[in-house]
Every structure is written in C-alpha cells, then in structure tokens.
Amino acid sequence: METRLQSKLIEAIDYKRETRHLTLYLTNGQRRHYEDVPEGIVVGLTAASSPGDFYMSQIRGRFRTT
C-alpha cells in the first residue's frame, strides 16, 4: 500500500504486508528500504503527528536496510 504523508522529511511510503518490506520516499529524493517491519510500526508511522520524528526514533537503525 502506498501512502502519502504530510511531513517535511517523508513524502510517501510503500508497505508490502506479505513481505513486511517498507520503502520510504524522502522529500530530498532518496529512497530507504527496510526489511521485516511489523505492520504496527507502519500504522504508527502513518498516524504519527510527526512522521519524521517517528521514523527517526522507531525505524531508522532498528531494521535491516536493503
């Protein structure tokens, strides 16, 4: 599921539930790919008042990147 976010850091995300693969599309044009991300983390990211802060504290450095 691709979801656009209102964030200064993250433009959109794409999450594949069956593989638990998360792709973040950053506002600077970069993409970040993470493996084995639980759906609950993705729900938290999309519901966060600051998706950028949520990403920095709950995703970055915690999941394997590809």
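One can find the structure itself at the top, above this paragraph.
Residues numbered from 1 in each chain as written. Predicted model: local features only at pLDDT ≥ 70, side-chain atom pairs only at ≥ 80, totals over all residues. Heavy atoms only, no water.

**Q** Help me out: how do you make sense of unusual backbone geometry in this one?
**A** Its identity is not glycine, yet arginine 20 carries a phi of approximately 60°, on the positive side. Tracing the backbone shows arginine 20 in the loop between β2 (10-16) and β3 (21-26). Accessibility expressed as a relative area gives 35% for arginine 20, which makes it partly exposed. Even without glycine at this site, aspartate 36 takes up a positive phi of about 55°. On the secondary structure map, aspartate 36 appears in the loop between β4 (31-34) and α1 (39-47). (Helix = DSSP H or I, 4+ residues; strand = E, 2+ residues; numbered from the N terminus. Buried < 20%, exposed > 50% of the residue type's maximum accessible area, 1.4 Å probe, protein only.)

**Q** In this structure, what is going on with the sheet that holds β2? I would like to understand it.
**A** Strand pairing in a sheet relies on backbone hydrogen bonds, with the paired strands running either antiparallel or parallel. Judged by pairing direction, the sheet is antiparallel, and its 4 strands sit side by side in the order β1-β2-β3-β4 without closing on themselves. The two strands at the open ends of the sheet, each matched to only one other strand, are β1 (2-4) and β4. In this sheet, adjacent strand axes meet at a mean angle of 15° when their direction is disregarded. Where β2 and β3 come together, 6 bridges link them in antiparallel fashion. Bridge pairing in β3 links isoleucine 13 to leucine 24. Here α1 sits on the sheet in contact with β1, β2 and β3, set at roughly 155° to β2. (Pairing = 2+ DSSP bridges. Axes fitted to C-alpha atoms, helices over the stretch in contact; angles between N-to-C directions. Contact = heavy atoms within 4.5 Å.)

**Q** Would you mind showing me how to read the packing of aromatic side chains here?
**A** Given two aromatic rings, their pairing is described by the distance between the two centres and the angle made by the two planes. Scanning the entire structure with this criterion turns up 1 aromatic pair. Considering the side-chain rings of tyrosine 34 and tyrosine 55, the 6.2 Å spacing of their centres and the 65° angle between planes classify their relative orientation as edge-to-face. Here tyrosine 34, found in strand β4, pairs with tyrosine 55, found in helix α2 (residues 51-59); they are 21 residues apart in sequence, far enough to count as distant. Here the two residues tyrosine 34 and tyrosine 55 agree in accessibility, since each one is buried. (Phe/Tyr/Trp six-rings, centres within 6.5 Å; stacked < 30°, edge-to-face > 60°.)

**Q** Explain the side chain of aspartate 14 to me, please; I cannot follow it from the model alone.
**A** On the secondary structure map, aspartate 14 appears in strand β2. Exposure remark for aspartate 14: the relative accessible area of 13% places this residue in the buried category. In terms of polar contacts, aspartate 14 uses its side chain to reach the side chain of lysine 16, at 2.9 Å. Contacts of aspartate 14, omitting those with residues within four sequence positions, involve Met1, Glu2, His21, Leu22, Thr23 and Tyr25. (Polar contact = N/O pair within 3.5 Å; in protein donor to acceptor, adjacent residues only side chain to side chain.)

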